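Coordinates in review
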Amino acid sequence: MPVERLNSLPSGEMDIEVESEGELPDIEIEFDEDGGVVVNIGEEEDEEVPFDANLAEVLPEDVLTGISEDLMMLYEADTSSREPWEKQYSQGMELLGFSMEERTKPFKGACGVYHPLLSEAIVQFQAQALKELMPAGGPVRTQVLGKETREKLMQAQRVKEFMNYQITTAMPEYTPEFDQMLFYVGYGGSAFKKIYFDYDKGRMVSKMIPADNLYIPYNGSSVMSECERITYRFPMSLNAYRKAVVRGQYLDSADPSVDMEQTKIVQEKDKKVTGVVPSGDEEEIYLLEFQVDYDLPGFEDKDEDGEPTGIKLPYVITIDEVSERVVGVRRNWKEKKDIKDRQEYYVHYLLVQGPGAYGLGFLHLIGGLSKTASAALRQLTDAGTLSNLPAGFKAKGARIENDDVPISPGEWRDIDAGGMDLQQSLLPLPYKEPSQTLFALMGFCVEAGRRMAAITDLQVGDSNQNAAVGTTIALLEKGASVMSAIHKRLHYAQRLEFQLLAKGFAEYLPAEYPYDVPGESRKIKKKDFDDRIDVLPVSDPNIFSVAQRITMAQTQLQLAQSAPQMHNMYEAYRRMYEAIGVRDIDSILTSQDVDKPKDPASENSQALDGSPLKAFAGQQHDAHIMSHLMFGLSPIVSAMPNVAIALQKHIFDHLTKKAEEATEAELFQLYGTDPDQMVSLLQREAMVALKVAQYFQEVKAMQDQLSGANQQQPDPLIELKKQELAQSAQRDQTKAQIDTAKLTFDQQREQNDMQIDQAKLAQADKIAAERNAVALAKMTQTGGQRGNQTQ
């Protein structure tokens, strides 16, 4: 529907020249109230307008005026509804204490300091969140959706490397703006990101938007996709605006900021909210970008019969805030889509979910406590000042030298009391020392604010190192419940941001995009950003601090060490090293990277090291099985039962993968791309089982071929069992021989002992007999001698 707008000509003077080749299309001429002419070419007005064209170039002026009136009225309503929010937002800037206040009340030089409670909470939150959400290696990780294959794993790795390269290198503004965004999140509770393709930079951009520049309806939602409309207010330099006009993004305007008084009013509005004072020499235009559903005249939604349905379609409409002129109208849905869903560009980062569309920040949570602590601190400081520099009344007749200069320590001055008592001539005011009650009140406010903001140190390191796992986790949850919930919200918002970035890369990248990184050249494919890969933040939504991460990793390591046969010890130690921030972990731990496919020789070497093996879909399973069988027949593996068992399990994995792939291919040939509707899971498993049995026979044939034509190669497991039985039998036989020899030796020793005992007994009997003979001889001889004496 090309529509040409003709300027009004003097009455009776109209000269229209049309150059055409062939038959002229239908031309309809309409006169409007101001004397202008609208020429409609063609029957269907909206068919010939390019989908991505700026519709403001072809819409009549009265339609553009009506659009401006409708949207500006909505903008004013959104602005009025958040006036209390803007007032609190601007007044809270003073509580940060970033400016020095010179006070003259209640006396000149009174204390104007602000307690740093609010700024302390914001800065600590900002530092902690930046460290967790923006690690040095990049904030993006990926995961495969559906069944893992080699192609999907390689695709996920390419997407991860490219997005981290874009965020950390190709988008130099990302990290500083992300850091600044965290400050606004901590302060006011809300900050926004706009993800879009920047034609000037030629790449995707994730721009930070403070909450005071983005307007949400009063009854809107904190979820941007659920908001009825979103209004983004931003300034643009005249040079940047001229580039956009040349590019066809906005309408040409001879002097967009002709109303300088109105421009000053707009700048004064910025000053009230942000506290920034414009220098006055900026040449800027203030634009309002509406993401809104609108029933655009001439481009209505139509049914099958070509009749308007009255359904509002999503558009991005840009209005000059000063002149209230529509400068851009663009469709905001995907071309050639049956369902015209609104494309999303904004992501909302929240600190605490509040009752309205905007979040609650530390300004709302501890702003009152910070203001009370500041008031108490000022009163304490002023009380100390007045106590150290007292003032009072003096008699009218008393004259003191240099009475307008304070007395320095150790200084004495002359005073003429006129004959009066000096004590009666001077009356000091009764200033009190700083109150301990007031000091305690300030401490209470500060401590309450710190508890609310969860900025106190976690007392995990001071606890018992031998405490139970449940006790340690309970301490972590109790001391970090607030920050843990905040981190989950940030993690959720960052995931939405990365998904919008990935969609932008899928739309604007070329078919193949090469890029260089230190040490290598890489490339990414446009089709890599499909629905097979999910993009996630690298941060853990359940862990937000180094102390918590170290404690959790240490607990995991303790559990793994208590039952190493049930755990992956490599992963347990790796997580511990990552938690304590060790770099180059692969140079410390033996690499066990099982997530990448490897060749059979590397897997055989890895099996000798005791590393786990993994089979992947898409590999040459027959080649892997043959290589592992040949390696399993070597004498080295025969002497290492654990290696042989690991290789056998790995061969079974290859058989299963091969059977599953063959089954999927067969089902695809029979039923097409959706076999799940024709074949049940039980039938699928039965087909896989039959193929596994068939492939087992093929593996057996491979073993026979390797062992020889007429000699069957025994199963390595059976041979291992036979060797174990033979060794066991040999050990039993040797033990029996040793036992027999020992028994023979014992019997011989018993016989020898018996013979010795018998010899000893015979010898004893012989000695006893000889002793008896001697005794008898002595008795005979003694008897003869006694007989001779008697005679």
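None of these values were measured; they are calculated from a predicted model.

1. Side note on the overall build of the chain
Counting secondary structure elements, the chain contains 20 helices and 19 strands. For the chain, the residues scored as buried account for 36% of the 791 residues in total. Restricting to contacts in the chain with at least 6 residues of sequence separation, those with at least 24 account for 68%. On the chain, roughly 47600 Å² of surface is accessible, and the fraction owed to carbon and sulfur atoms is 53%.

2. Describing the sheet that holds strand β6 (residues 203-210)
Taken in spatial order, the three strands of this open sheet run β6-β5-β12, and their pairing is antiparallel. This sheet does not close on itself; its edge strands, each paired only once, are β6 and β12 (346-350). Strand-to-strand twist of the sheet, defined as the mean angle between neighbouring strand axes without regard to direction, takes the value 25°. Packing against the sheet, helix α5 (residues 174-188) makes contact with β5 (190-198), β6 and β12, and its axis sits at approximately 150° to β5.

3. Some points on helix α4 (residues 150-170)
With 21 residues, α4 extends 28 Å from end C-alpha to end C-alpha; this agrees with the ideal 30 Å at 1.5 Å per step. All buried positions along α4 are accounted for by K152, L153, Q155, A156, V159, F162, M163, N164, Y165, Q166 and I167.

4. Some words on the packing of helix α2 (residues 83-95) against helix α8 (residues 362-388)
Between α2 and α8, whose axes approach to 11 Å, the crossing angle comes to 50°. It follows that α2 is oblique to α8 by the angle criterion. Of the two possible hands of crossing, α2 and α8 adopt the one that is left-handed. Contacts from W85, Q88, Y89, G92 and L95 in α2 reach L363, H364, G367, S370 and K371 in α8. Across the contact of α2 with α8, the residue classes break down as four nonpolar, five polar and one charged.

5. A look at the nonpolar core
In terms of nonpolar packing, the biggest core is built from 111 residues, with M163, Y315 and I317 touching the most fellow members. For this core, the element with the most residues is helix α12 (residues 481-508), which contributes nine residues. By size, the runner-up hydrophobic cluster in this structure holds ten residues, among which are V688, V692, V699 and M702.

6. Some details on a nonpolar patch on the surface
Among the surface-exposed residues, V223, Y492 and L496 lie close enough to one another that they form a single nonpolar patch of about 250 Å² accessible area. If you trace the backbone, V223 turns up in the loop between β7 (214-215) and β8 (229-237). Given the relative accessible area of 34%, V223 is considered partly exposed.

7. Some remarks on the pairing of β5
Burial of β5 is extensive: eight of the nine residues sit out of reach of the surface. Relative to β12, β5 is paired through five bridges, and the arrangement is antiparallel. Counted as the bridge partner of K194 is Y346 from β12. Bridge analysis of β5 against β6 gives eight bridges, and the strand direction is antiparallel. Directly across from K194, in β6, lies its bridge partner K207. Adjacent in sequence and paired antiparallel, β5 and β6 are bridged by four residues, among which G202 carries a positive phi angle near 70°.

8. Things to note about the confidence of the model for the chain
The predicted model of the chain has a mean per-residue pLDDT of 78, with 76% of residues at 70 or higher. Taken element by element, the chain is modelled with least confidence in strand β1 (residues 3-6), mean pLDDT 40, and with most confidence in β12, mean pLDDT 95. Counting interchain partners and residues more than four positions distant, the pLDDT-below-50 stretch residues 1-16 has 38 contacts. For the stretch residues 456-463, pLDDT sits under 50, and the model shows eight contacts to residues farther than four places along the chain or on other chains.

9. So, the sheet that holds β8
One open sheet accounts for five strands, arranged β7-β8-β9-β10-β11; its pairing is antiparallel. The open sheet terminates on both sides in strands that have one partner only, identified here as β7 and β11 (325-331). Contacting β7, β8, β9 (284-294), β10 (313-320) and β11, helix α1 (residues 61-81) runs over the sheet at an angle of about 95° to β9.

10. So, a negative patch on the surface
Judged by side-chain charge, E69, D70, E76 and E324 come together as a negatively charged surface patch. For D70, the position within the fold is in helix α1.

11. Brief notes about the packing of aromatic side chains
In total, this model carries 23 aromatic pairs according to the counting rule given. Here Y174 and F178 contribute two aromatic rings whose centre-to-centre distance is 5.9 Å and whose plane-to-plane angle is 15°, an arrangement assigned as stacked. Pair noted here: Y174 and F178 are both in helix α5, with a separation of four residues, about one helical turn. Both residues of the pair, Y174 and F178, belong to the buried class.

12. Considerations on the pattern of salt bridges
This structure, assessed with the given rule, holds 20 salt bridges. As a salt-bridge pair, E512 and K523 come within 3.5 Å of each other at their nearest N and O atoms. Note that E512 is positioned in strand β17 (residues 512-517) and K523 in strand β18 (residues 520-525), a separation of eleven residues in sequence. Its relative accessible area of 44% is what places K523 among the partly exposed residues. Across the pair D622 and K658 runs a salt bridge, and its minimum N-O distance is 2.5 Å.

13. Digging into the side chain of K193
One can find K193 in strand β5. Residue class for K193 comes out buried when judged on its relative accessible area of 0%.

14. Overview of the pairing of β10
For β10, a buried count of eight out of eight residues is recorded, marking the element as mostly surrounded by other parts of the structure. Alternating positions in β10 separate into two faces, L313, Y315, I317 and I319 on one and P314, V316, T318 and D320 on the other, with burial throughout. With six bridges joining them, β10 and β11 adopt antiparallel strand pairing. Note on β11: the bridge partner recorded for Y315 is R331. Linking β10 to β11, which pair antiparallel, is a turn of four residues; within it E324 sits at a positive phi near 55°.

15. Here's the deal with the side chain of S374
Following the sequence through the fold, S374 ends up in helix α8. Sequence-distant contacts of S374, that is, excluding residues within four places in its chain, are made with V113, Y114 and H115.

16. Brief notes about the packing of helix α16 (residues 621-632) against helix α18 (residues 641-671)
Packed helices, taken two at a time, are described by the angle between their axes plus the distance between the axes. The N-to-C vectors of α16 and α18 enclose an angle of 165°; their axes lie 10 Å apart at closest approach. In terms of orientation, α16 lies roughly antiparallel with respect to α18. In this structure, α16 meets α18 at a crossing whose hand is left-handed. For the pair formed by α16 and α18, the contact residues are H621, D622, H624, I625, H628, L629, F631 and G632 on the first element and L647, H650, I651, H654, L655, K657, K658 and E661 on the second. The residue inventory of the contact of α16 with α18, partitioned by class, reads six nonpolar, six polar and four charged.

17. Digging into the environment of L386
Locating L386 in the fold gives a position in helix α8. Under the relative-accessibility criterion, L386 is labelled partly exposed at 23%. The spatial distance from the C-alpha of L386 to the C-alpha of E433 is 8.5 Å, given a sequence separation of 47 residues.

18. A closer look at unusual backbone geometry
Leave glycine aside and you will find that most residues have negative phi; peptide bonds, for their part, are mostly trans. With a phi angle near 55°, E324 is a residue other than glycine that sits in the positive phi range. You can see E324 is positioned in the loop between β10 and β11. With a relative accessible area of 42%, E324 lands in the partly exposed category.

19. Side note on the environment of I580
Looking at where I580 falls in the secondary structure, it is placed in the loop between α14 (569-579) and α15 (600-608). Separated by 30 residues in sequence, I580 and I550 place their C-alpha atoms 6.2 Å apart.

The rules behind each value
Residues numbered from 1 in each chain as written. Predicted model: local features only at pLDDT ≥ 70, side-chain atom pairs only at ≥ 80, totals over all residues. Heavy atoms only, no water. Helix = DSSP H or I, 4+ residues; strand = E, 2+ residues; numbered from the N terminus. Buried < 20%, exposed > 50% of the residue type's maximum accessible area, 1.4 Å probe, protein only. Contact = heavy atoms within 4.5 Å. Areas by Shrake-Rupley, 256 points an atom, 1.4 Å probe, with all protein chains shown as cover. Pairing = 2+ DSSP bridges. Axes fitted to C-alpha atoms, helices over the stretch in contact; angles between N-to-C directions. Expected span 1.5 Å × (residues − 1). Parallel < 35°, antiparallel > 145°, perpendicular 65-115°, else oblique. Left-handed = near helix turned anticlockwise from the far one by under 90°. Nonpolar A, V, L, I, M, F, W, Y, C, P; charged D, E, K, R; others polar. Core = buried A, V, L, I, M, F, W, Y, C linked by side-chain atoms within 4.5 Å. Patch = residues over 30% accessible without salt bridge, like charges linked within 9 Å, V, L, I, M, F, W, Y side chains within 5 Å. Salt bridge = Lys/Arg side-chain N within 4 Å of Asp/Glu carboxyl O. pLDDT = per-residue confidence, 0-100. Lys, Arg positive; Asp, Glu negative; His and termini not counted. Charge placed at Lys NZ, Arg CZ, Asp CG, Glu CD. Phe/Tyr/Trp six-rings, centres within 6.5 Å; stacked < 30°, edge-to-face > 60°.

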